[in-house]
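An overview of the molecular structure
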Amino acid sequence: MNRLAKRGSETLIEMVATDGEESNGPLYEMNSSAASELPGSSEFDKRQQSKDSVFFCDGIRRIDFVLSYVDDPKQEGEKKVERRKEFENNLLKSGLELETEDKKDSEDGRTYFVKIHAPWEVLTTYAEVLNIKMPIRENDIPPAMENPFECMFEPFRLPKKVMNPEPDYFTAPFSKQKQELFFIEDENTFFSPSVRNRIVYYILSRCPYGTEEGKKKFGIKRLLTNGTYTAAYPLHDCQYWKKAKDQNSGNERYTLYTEWARFLRFYKEQPLDLIRRYYGERIGIYFAWLGFYTEMLFFAAVVGAICFFYGLVTMTGNMSSIEICNESIGGAIIMCPLCDVKCEYWKLNTTCESSQYSHLFDNVATLFFAIFMGIWVTLFLEFWKRRQARLEYEWDLVDFEEEQQQLQLRPEYEAKCTLKKKNPVTQELEPYLPLTSQALRFCFSGATVLFWISLIIASMIAVIVYRLSVYAAFASIMENTETLQPISSLLTPQLATSVTASCLNFVIIMILNFLYERIAVWITDMEIPRTHLEYENRLTMKMFLFQFVNYYSSCFYVAFFKGKFVGYPGAYTYMFSKWRNEECDPAGCLIELTTQLTIIMAGKQIWGNIQEAILPWVWNWWRRRRARTNSEKLYSRWEQDHALQSFGPLGLFYEYLEMVIQFGFITLFVASFPLAPLLALMNNILEIRVDSWKLTTQYRRPVAAKAHSIGVWQEILNGMAVLSVVTNAFIVAFTSDMIPRLVYYYAYSTDNNSPMSGYINNSLSVFQISDFPNTTLPAGSTGSFTTCRYRDYRYPPDHEKKYLHTMQFWHILAAKMAFIIIMEHIVFIVKFFVAWMIPDVPSEVKARIKREKFLTIQILHEYELNKLKENLCNRTDYQVEKEVIATEGKRELAQIMG
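No experiment lies behind these values; they were computed from the predicted model shown.

Side note on the overall build of the protein chain
Helix and strand counts for the protein chain stand at 28 helices and 18 strands. Relative to its full complement of 898 residues, the protein chain shows a buried share of 52%. Restricting the contact set of the protein chain to residue pairs at least 6 apart, pairs at least 24 apart contribute 77%. Per element, the accessible surface of the protein chain, about 43000 Å² overall, is 59% carbon and sulfur.

Structure representation (structure tokens):
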């Protein structure tokens, strides 16, 4: 390791901007002669170099990042040239090496490519600045005891070289002064490509390019925004469908494609370590969470399918459906019109099929599944914490929180905040945003979010008005159109209204979502968050709050409001004094909630997969078609990657958001649709492969970034888990027909042989037709009947308490409230007990973390002790002995404290 010691003596300084202000990070200064000798200036026969090469023209220096730009002869063209010149000069001063591909050598004949290489000195300096942990010794902790059932999972395993692309090491934060301590076999491969591009991007995001309008400007993000550069990206190491000819290039992309991104590998485990090595920890933790979530969905899907099949098996024996379908019972019951004037009286048995289908989801298994899902979601979150803790240890992220707070200061914050104040901890001047400015920005941001949420509520009210206004039209069309008579028993006016309204609502949801995404990013940028973490958290909360209302508001309406405030014939309640409130089907509103949930959930998943897979492929195909040739064999690696889509800094944010919204569907309303987890499972199996395929084949390589957890999404999932217990309790109590049936079974049934017989007649109240006001009296003839029935518990017209609620109504209401309280308490007690029983960090991981810290401290002290002995070899024996004793005492104290 002594061969590296000479590098530590080179001078490091901070680059000083032209206005005298300090830049954000240590940068190398190159002398004028070195700066004038640009890399790649020597003659080189490019024909000898493979088009798929990821190296400079010399074939030695690796390309860590690529910038592209196009000559702009229009307005501000000269300004862009000046910005690029200043920016690239500052990159050279920072120690980076550049090589420019002329436009005549590019495939389209108009794009310049600036290739960037970070030499060893830059990498070692910024590895220390970024506190990157690097290997110091191979891990000698014996692996955990093997599972005796491991052989059963062998078909689902990937080869060990894919699952574990590199040995497990003890690591320590890199120190330029202690390079001999680290396990450096080759300088060119010591820092992985993902670490190299992370370091280069850190420099690019903080490198100044001049002063405009009296303000210092810096950062590649601004240069991309104002069009100075058209793209900035690290390179993939090879083509995804074949290995690179140069073995030094690496073939991790090819391995990921063949072992992970193909759909036929859907049953295989994910190579998380390889994903993390190639894309960085942030993307790795997302796929780890998505894979774990999908595994846990399997258990929920199995139980949900069993509950569904229970409903299917017992459907023919459901007494309520039998009575409704019976010609002598349901056929003899005349129901009151479902709308004013235009609607006619109808027979109850016309809802025969819908009542049978309703039993599929509204049965005793619904209660069991609602309780099961309340416990399942707790197990999922608690076991994920354990899985996440294991990944933190394996990926060297145990002490990442402090590092994240220190290193992720946004360049936009530094650029826009011109005022500075002294940090009480570091005693250094830092940019800050005055409190008054923060308050004004927050007020404007909050008002904007409230406006858009109000817009969602207004659109939901518009859909409700649509439901109320078109119901009469559907009823009239189906009554008078002979071609619809064969399916009239299946396609009722209620179902037709519900399906069309759900589809209309889905279209409105997608339109509002498309518009709000751009508004949310704009107002979050306007708030000027201080760190990247703050930026992501604020954007996450805005987007989630909006999408929560956008996607779930219609389901909340059907579950908790529809059919609850309708009044009774002759005294109906009206929206805006014009449209009569909707009634539930005689079999209940649960089947309508199921329809609403299925259309929105399935529609969102189908549209999401189209957006994620088909649109990027079509876009890339079109860009290649517009070029002079379609063949990727004829142009270079940086041009191939340039033709791909940019993943963007918010690419992962939208992936999380999509999955969390899905999580809400399968938890908040799962009591109405036990098959929701099964749909989610099938979607997620496809989602993993679609995400991996598009990331590997359709997108440029993202800049590697660290993350030790799923961030604020964890708190959102916890909140939704608690809310799901409440919503499912209310769905079972108020939306399903379970509680009224149970009350009738135990308190009002008169037939001991068939306790549920007579329930339909008991649940329908009687109305005297002559009591209809003239304004709502149906236009059709009443025939020989003088009364009609409606769904409620009210006294008949000949009772002294005419049309007032009966005692049975209050018994049912009391039973519903008691059920909600009991169910919530039982589920919450079990949830908290399970959460208490399952530790967040496995004991094995805790022991390994302590062991690694102990051994790392021991290694570091042994290194210090050996260095001390070397440095003191020329001093007196007494001084040496004193220094050695002091150092050994320091090591023993550290071991005791550890």
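Points about the side chain of K542
Checked against the element boundaries, K542 lands in helix α18 (residues 532–560). Exposure remark for K542: the relative accessible area of 9% places this residue in the buried category.

Some details on the state of the cysteines
Applying the stated criterion across every chain yields a total of 3 disulfides. Disulfide pairing places C339 opposite C343 at an S-S distance of 1.6 Å. Residues C339 and C343 are joined by a disulfide whose S-S torsion is about 100°; by sign, that bridge is right-handed. Here the two residues C339 and C343 agree in accessibility, since each one is buried.

Examining the packing of aromatic side chains
Evaluated as defined, the whole model comprises 62 aromatic pairs. For the pair F444 and W522, a centre-to-centre distance of 5.8 Å together with 80° between the ring planes defines the contact as edge-to-face. Separated by 78 residues along the polypeptide, F444 in helix α16 (residues 435–480) and W522 in helix α17 (residues 493–527) bring together distant segments of the chain. Residue classification places F444 among the partly exposed residues on the basis of a relative accessible area of 40%. Accessibility expressed as a relative area gives 48% for W522, which makes it partly exposed. Seen from their ring centres, F548 and F556 are 6.2 Å apart, and the 45° between their planes marks the pair as tilted. No difference in accessibility class separates F548 from F556, as the two residues are buried. When the ring centre of W638 is taken as origin, the NZ or CZ atom of K115, which lies over that ring, is 4.2 Å away.

Some words on unusual backbone geometry
One non-glycine residue, N131, adopts positive backbone phi at about 60°. Of note, Y803 is a non-glycine position whose phi angle comes to about 65°, a positive value.

What about a nonpolar patch on the surface?
Where nonpolar side chains cluster on the molecular surface, the patch consists of M152, F153, F156, F263, L264, F266, Y267 and L686 and spans about 810 Å² of accessible area. Residue position: Y267 is located in the loop between α8 (252–259) and α9 (272–279). By relative accessible area, Y267 is classed as partly exposed at 37%.

What about the UniProt feature "transmembrane region" (unreviewed entry) in the protein chain?
Per the UniProt annotation, the sites labelled "transmembrane region" (unreviewed entry) are residues 286–313, 364–384, 449–474, 494–516, 543–560, 659–681, 716–736 and 809–838. Overall, residues 364–384 shows 100% helix and 0% strand. The separation of its end C-alpha atoms is 31 Å. Between the C-alpha atoms that bound residues 716–736 there is a distance of 28 Å. The span itself is 95% helix and 0% strand.

As for the environment of S692
With respect to the element layout, S692 can be found in helix α22 (residues 676–698). Owing to a relative accessible area of 0%, S692 belongs among the buried residues under this scheme. C-alpha separation for the pair S692 and F263, spaced 429 residues apart in sequence, amounts to 9.5 Å. Apart from the residues lying within four places of it in its own chain, the contact partners of S692 are W260, A261 and F287.

Comments concerning the nonpolar core
W289, Y293, W376, F380, Y552 and F665 are the most contacted members of the largest nonpolar core, which has 139 residues in total. For this core, the element with the most residues is helix α10 (residues 281–313), which contributes 16 residues. When residues of this core are assigned to domains, at least three fall in each of domain 1 (65–257) and domain 2 (269–399 + 593–704 + 717–841). In contact with W289, other than residues within four places in its own chain, are F380, W384, Y656, M659, I710 and L717. Core analysis: the second largest hydrophobic core is formed by 47 residues, I132, M134, Y209 and Y393 among them.

Focus: the packing of helix α13 (residues 364–394) against helix α27 (residues 843–871)
Closest axis-to-axis distance for the α13/α27 pair is 10 Å, and the angle between their directions is 20°. The angle between the axes of α13 and α27 places the two elements in the roughly parallel class. Helix-helix and strand crossings are classified by hand; for α13 and α27 the assignment is left-handed. Of the residues in α27, those touching α13 at A389, R390 and Y393 are E844, V845, R848, I849 and E852. Here the residues of the contact of α13 with α27 are counted per class, giving 4 nonpolar, no polar and 4 charged.

Looking at the sheet that holds strand β3 (residues 111–117)
Across the sheet, 4 strands lie side by side as β2-β3-β1-β8; this open sheet has antiparallel pairing. Since the sheet does not close on itself, it has two edges, and those belong to β2 (97–101) and β8 (231–233), each with one partner. On average, adjacent strands in this sheet sit at an angle of 15° to one another, irrespective of strand direction. For β2 and β3, the ladder comprises 5 bridges, and the chain directions are antiparallel. Note that in β3 the partner of E101 across the bridge is F113. Docked against the sheet, helix α2 (residues 77–93) engages β1 (65–70), β2 and β3, running at close to 165° with respect to β1.

Rules of the game
- Residues numbered from 1 in each chain as written.
- Predicted model: local features only at pLDDT ≥ 70, side-chain atom pairs only at ≥ 80, totals over all residues.
- Heavy atoms only, no water.
- Helix = DSSP H or I, 4+ residues; strand = E, 2+ residues; numbered from the N terminus.
- Buried < 20%, exposed > 50% of the residue type's maximum accessible area, 1.4 Å probe, protein only.
- Contact = heavy atoms within 4.5 Å.
- Areas by Shrake-Rupley, 256 points an atom, 1.4 Å probe, with all protein chains shown as cover.
- Disulfide = S-S within 2.5 Å.
- Phe/Tyr/Trp six-rings, centres within 6.5 Å; stacked < 30°, edge-to-face > 60°.
- Lys NZ or Arg CZ within 6 Å of the ring centre and 35° of its normal.
- Patch = residues over 30% accessible without salt bridge, like charges linked within 9 Å, V, L, I, M, F, W, Y side chains within 5 Å.
- Salt bridge = Lys/Arg side-chain N within 4 Å of Asp/Glu carboxyl O.
- UniProt positions renumbered as here; feature names shortened; annotations may be inferred.
- Core = buried A, V, L, I, M, F, W, Y, C linked by side-chain atoms within 4.5 Å.
- Domains from an automatic or database assignment.
- Axes fitted to C-alpha atoms, helices over the stretch in contact; angles between N-to-C directions.
- Parallel < 35°, antiparallel > 145°, perpendicular 65-115°, else oblique.
- Left-handed = near helix turned anticlockwise from the far one by under 90°.
- Nonpolar A, V, L, I, M, F, W, Y, C, P; charged D, E, K, R; others polar.
- Pairing = 2+ DSSP bridges.

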